[in-house]
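Chain residues, written in single-letter form:
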Amino acid sequence: MTAATLFTPNIPSQADDVSDATSFDSQALDTDTDSREYDDVSEDGNDEDMIDEQFADAQAPTESAYFRKLQKKLRRQVSWAIRDFNMIEDGDVVMVCVSGGKDSYTLLDILLLLKRIAPIYFDIVAVNLDQKQPGYPEDILPAYLNEQGIAHYILEKDTYSIVKSVVPEGKTYCSACSRLRRGSLYGFAKQIGATKIALGHHRDDMLATFFLNLFHGGALKSMPPKLLSDDKQNMLIRPLAYVEEKDIIEYAKLKEFPIIPCNLCGSQTNLQRAIINDMLREWDDAHPQRLASIFKAMQNVAPSQLADRELFDFETLSLDRDNDERLFEGDNIQAGQTDSLAEIGLPVSPRTQTFNPKFASDKPYSTETEKAAQNERKAQKIPTINPVI
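Residues numbered from 1 in each chain as written. Predicted model: local features only at pLDDT ≥ 70, side-chain atom pairs only at ≥ 80, totals over all residues. Heavy atoms only, no water.

Q: Please provide a residue-by-residue account of the nonpolar core, values included.
A: Grouped together as the largest cluster of nonpolar side chains are 53 residues, with contacts concentrated most on Val78, Ile88, Val96, Leu108, Leu111 and Leu280. Counting residues in each nonpolar core, the second largest holds 15 residues, with Cys97, Val125, Leu129 and Leu199 among its members. (Core = buried A, V, L, I, M, F, W, Y, C linked by side-chain atoms within 4.5 Å. Buried < 20%, exposed > 50% of the residue type's maximum accessible area, 1.4 Å probe, protein only.)

Q: Kindly report on unusual backbone geometry, identifying the contributing residues and their values.
A: Positive phi outside glycine occurs at asparagine 86, with the angle close to 50°. Relative to the helices and strands, asparagine 86 is located in the loop between α3 (65–84) and β2 (93–97). Phi is positive for glutamine 337, close to 55°, though the residue is something other than glycine. Relative to the helices and strands, glutamine 337 is located in the loop between β8 (328–329) and α12 (338–343). (Helix = DSSP H or I, 4+ residues; strand = E, 2+ residues; numbered from the N terminus.)

Q: Account for the UniProt feature "binding site: [4Fe-4S] cluster" (unreviewed entry) in the protein chain, with residues named and values stated.
A: On the UniProt side, "binding site: [4Fe-4S] cluster" (unreviewed entry) is annotated at positions that read Cys174, Cys177 and Cys265 here. Among the structural elements, cysteine 177 can be located in helix α7 (residues 174–192). (UniProt positions renumbered as here; feature names shortened; annotations may be inferred.)

Q: Explain the confidence of the model for the protein chain to me, using residue names and the numbers behind them.
A: For the protein chain, the average pLDDT comes to 80, and 72% of its residues sit at 70 or higher. Here residues 5–23 is modelled with pLDDT under 50, and outside its nearest four sequence neighbours on either side it reaches 33 contacts, counting other chains as well. This model gives residues 26–58 a pLDDT under 50, and the stretch forms 49 contacts once residues within four places in sequence are excluded. (pLDDT = per-residue confidence, 0-100. Contact = heavy atoms within 4.5 Å.)

Q: Outline helix α6 (residues 159–166), supporting the account with residue identities and numerical values.
A: Within the sequence span of α6, burial applies to Thr159, Tyr160 and Val163. Considered in projection along α6, the buried side chains sweep an arc of 105° and stay on one side of the axis. (Arc of directions from axis to C-beta.)

Q: So, α3: which residues are in play, and what are the values?
A: In a regular helix each residue adds 1.5 Å, so 20 residues correspond to 28 Å; α3 covers 28 Å between its end C-alpha atoms and thus fits that length. Looking one or two residues beyond α3, the residue adopting positive phi is asparagine 86, at roughly 50°. (Expected span 1.5 Å × (residues − 1).)

Q: Go over the packing of aromatic side chains with me, naming the residues and quoting the values.
A: For the structure shown, the criterion picks out 12 aromatic pairs. With centroids separated by 5.2 Å and ring planes inclined at 80°, the aromatic side chains of phenylalanine 210 and phenylalanine 211 adopt a geometry described as edge-to-face. Classification of phenylalanine 210 as buried rests on a relative accessible area of 17%. For the ring pair phenylalanine 211 and phenylalanine 215, a centre distance of 5.6 Å and an interplane angle of 45° mean the geometry is tilted. (Phe/Tyr/Trp six-rings, centres within 6.5 Å; stacked < 30°, edge-to-face > 60°.)

Q: Pulling in residues and values, what's your account of the side chain of arginine 238?
A: Structurally, the position occupied by arginine 238 is in the loop between β7 (235–237) and α9 (245–255). The side chain of arginine 238 is buried and forms no salt bridge, while aspartate 205, the nearest opposite charge, is found at 7.6 Å. A polar atom in the side chain of arginine 238 sits 2.9 Å from the side chain of histidine 201. Once you skip the residues sitting within four places of it in the chain, arginine 238 turns out to touch Met87, Leu199, His201, Met223, Pro224 and Pro225. (Lys, Arg positive; Asp, Glu negative; His and termini not counted. Salt bridge = Lys/Arg side-chain N within 4 Å of Asp/Glu carboxyl O. Polar contact = N/O pair within 3.5 Å; in protein donor to acceptor, adjacent residues only side chain to side chain.)

Q: Please give an account of the pairing of strand β3 (residues 123–130) that cites residues and values.
A: The element β3 is largely enclosed, with a buried count of 7 among its 8 residues. Note that β2 and β3 share 5 bridges and pair parallel. Within β3, the position partnered with methionine 95 by the bridge is valine 125. Between the parallel elements β2 and β3, the chain passes through helix α4 (residues 102–117) in a crossover that is right-handed. Pairing geometry for β3 and strand β4 (residues 152–156), over 5 bridges, is parallel. Among the inter-strand pairings, leucine 129 is bridged to a residue of β4, identified as leucine 155. Each parallel crossover has a hand, and for β3 linked through helix α5 (residues 140–148) to β4 it is right-handed. (Pairing = 2+ DSSP bridges. Right-handed = clockwise from strand over helix to strand, strands pointing away.)

Q: Describe the environment of valine 127, listing the residues and the values that go with them.
A: Mapped onto the elements, valine 127 comes out in strand β3. Given the relative accessible area of 2%, valine 127 is considered buried. Sequence separation between valine 127 and isoleucine 154 is 27 residues; the distance between their C-alpha atoms is 6.0 Å. Apart from the residues within four sequence positions on either side, valine 127 is in contact with Met95, Val96, Cys97, Val98, Tyr153, Leu155, Leu185 and Phe188.

Dropping the structure here:
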């Protein structure tokens, strides 16, 4: 059985802490989306920011200009993801899965911020699954959620014992743990009437999953920003899809979230995901735009340039040539075994055309007269005389 405890706070007024944005992020929605990966959110408030930076040492971390810029960047990127994939609609009840890690804390914090400034109305409820891991500090997360006045459920289910019993010694627990956790959360979301399930996976998680499937699964797939469950009973969303992990790490540090480590999965060595993450970090350090380019490629798929017969119909491809003749651009064509060429109906003396990139002609090929004229013009060229000599 899954036990649940509920805390329901007094929801603050929608008018509290309203910022200059009038949508998920009005400025973000008006900005060209192609620049989202390179936006450092440092274009406004220059004079005020200079003053803030001078007194940054005397300020709390969340009051500094640096924090405000970082928070604005995350808010914009989450707004873009919500807009691009239509993640949240008017009247939604969004169940935010909170594990106690930096990602889910950041997701919950940014969604609560956007809830106050969005032009539509939606509810947020936090849900944590206590999997009864040995030594799990079960008081930390409820204390934080109560302090912040966030409506939440704490589900208690001993999936730890199940995972330990079904996974062979030396194998990683992630897959089995994820399936059990996901099944419990899916059912609970439907039970309470939540219309969307928000997960804290970020851009780097999506890239790591892509390479895990590429290297070990033989498939080009990753975590989609929005997913309908196989039974069509639940809709998953990943609002952090455009957010880089390093920004989340910095944001969680400045916000001083009470992080709860995952002792069940994180204690295992040689995890393939950890190896992939190390590879991505090395790439990011050596080539700062590489990860952004790879993520952009995941949004710019060309099925005809791959080899999946289910996505593209290679079998029925056919020629549709016109009557325009394009001659070979070169100096000469040597036709060997002319009798054999003639037997199969191919020309034994194909014509050529000269090609000069600098003086290309619209004419299909150069005649002997034109070649002679060109040689004459070359002979009449006036030599350049160096006045120094």
